[in-house]
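Structural overview for review
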Amino acid sequence: MLTIDYSVAKPENAMDIAALHTKSWQRTYHTMLKAEYLSDIAPSERLTVWQSRFSHDNDKQHVIIANHHSKLVGFICVYADHSEEHGSLLDNLHVDSNYHGNGIAKQLIALAMTWLKENAKHPSVHLEVLSGNQHAIKVYEKLGAKRIKEGVWHAPCGSLVDEYVYLWPEITL
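This structure is a prediction, so every number in the text was calculated from the model and none was measured.

1. Here we look at the layout of surface pockets
The space that makes up the largest pocket amounts to roughly 1000 Å³. Lining the largest pocket are 42 residues, and of these Leu93, His94, Asn133, Ala136 and Tyr140 lie nearest its centre. Of the residues belonging to the lining of the largest pocket, the class tally is 18 nonpolar, 14 polar and 10 charged. For the second largest pocket, the calculated volume is near 170 Å³. Only α2 (35-54) and β2 (61-68) provide two or more residues apiece to the lining of the second largest pocket. The element that contributes the greatest number of residues to the lining of the second largest pocket is β2, accounting for three residues.

2. What to know about the nonpolar core
Residues Ile76, Leu90, Ile109, Leu116, Tyr140 and Trp168 are the most contacted members of the largest nonpolar core, which totals 32 residues. Counting only elements with at least two residues in this core, the list comes to β2, β3 (71-83), β4 (87-95), α3 (104-119), β5 (125-130), α4 (134-142) and β7 (160-168). Residue contributions to this core peak at eight residues, all from α3. The next biggest cluster of nonpolar side chains, apart from the first, holds 14 residues, and it includes Ala14, Trp50, Phe54 and Val63.

3. Quick word on unusual backbone geometry
Unlike most non-glycine residues, histidine 69 shows phi in positive territory, near 50 degrees. Positionally, histidine 69 belongs in the loop between β2 and β3. Phi angles above zero are rare outside glycine, and aspartate 81 is one such case at about 50 degrees. Among the structural elements, aspartate 81 can be located in strand β3. On the basis of relative accessibility, which here comes to 24%, the residue aspartate 81 falls in the partly exposed class.

4. A closer look at the pattern of salt bridges
According to the stated counting rule, one finds six salt bridges in the structure shown. One salt bridge in this structure joins lysine 71 and aspartate 96, with 3.4 Å as the shortest N-O distance. Of this pair, lysine 71 sits in strand β3 while aspartate 96 sits in the loop between β4 and α3, and the two are 25 residues apart along the sequence. In this structure lysine 71 comes out as partly exposed when scored by relative accessible area, which is 37%. For aspartate 96, a relative accessible area of 3% gives the class buried. Sharing partners across several salt bridges, the network here consists of Lys23, Lys71 and Asp96.

Scoring rules and cut-offs
- Residues numbered from 1 in each chain as written.
- Predicted model: local features only at pLDDT ≥ 70, side-chain atom pairs only at ≥ 80, totals over all residues.
- Heavy atoms only, no water.
- 1 Å grid on protein atoms, 1.4 Å probe; cavity = no way out; pocket = protein on both sides within 12 Å on 5 of 7 lines; lining within 4 Å.
- Points joined across faces, edges and corners; volume = space filled by probe spheres on them.
- Nonpolar A, V, L, I, M, F, W, Y, C, P; charged D, E, K, R; others polar.
- Helix = DSSP H or I, 4+ residues; strand = E, 2+ residues; numbered from the N terminus.
- Core = buried A, V, L, I, M, F, W, Y, C linked by side-chain atoms within 4.5 Å.
- Buried < 20%, exposed > 50% of the residue type's maximum accessible area, 1.4 Å probe, protein only.
- Salt bridge = Lys/Arg side-chain N within 4 Å of Asp/Glu carboxyl O.

Okay, here's the thing in C-alpha cells:
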C-alpha cells in the first residue's frame, strides 16, 4: 500500500502540476491532439495556465495535490458554482500513469467533494471528458457520475474532439 500525502496546492506547485498535466495529455491524448502541439506547445501553455491560476486569489477555485515521497503523482482542480445549470466544475483530474490503480483519483475526488460541500451553493458537480479517454470515463462512472450530454471540444491545437459531460446530481462520495 502506497503512502500518499494530500494537501492544498500552492503557487510553488504550479511547475510540477503543469508538468504532470502535460505528461498526462501526451500519454492520453496522443491520438486525439496534434503531436507537434503536445510536444512543442503544450508544456509552456500548461505552465502559463497554472501560473495564471495561482497568480490571484479565487475563492471558487480549489486545487488538491497528491504526493508520494515528495513527488507529485496527482492533482485535482475544482470550481465551486461554475454553472447555473450544472453546478460546480471538476476541471482537471490527473494521476501519473505509474500510479493508476492505487485509489488516488477516487481520494482526490472525495477530498474535492468535501471542499465543495462546504463552499458551493449548487448541489451538483459536472465535468467534461474526451470520448477517447476511456480510463477516466470508467473511473467517473464507477464513482456514480452519469453522462448527460455530448459535444465537441475545440482543442487549442485546432483539433475537434468528441467529448462528454458527466454529472453528479449531488455532491457525494
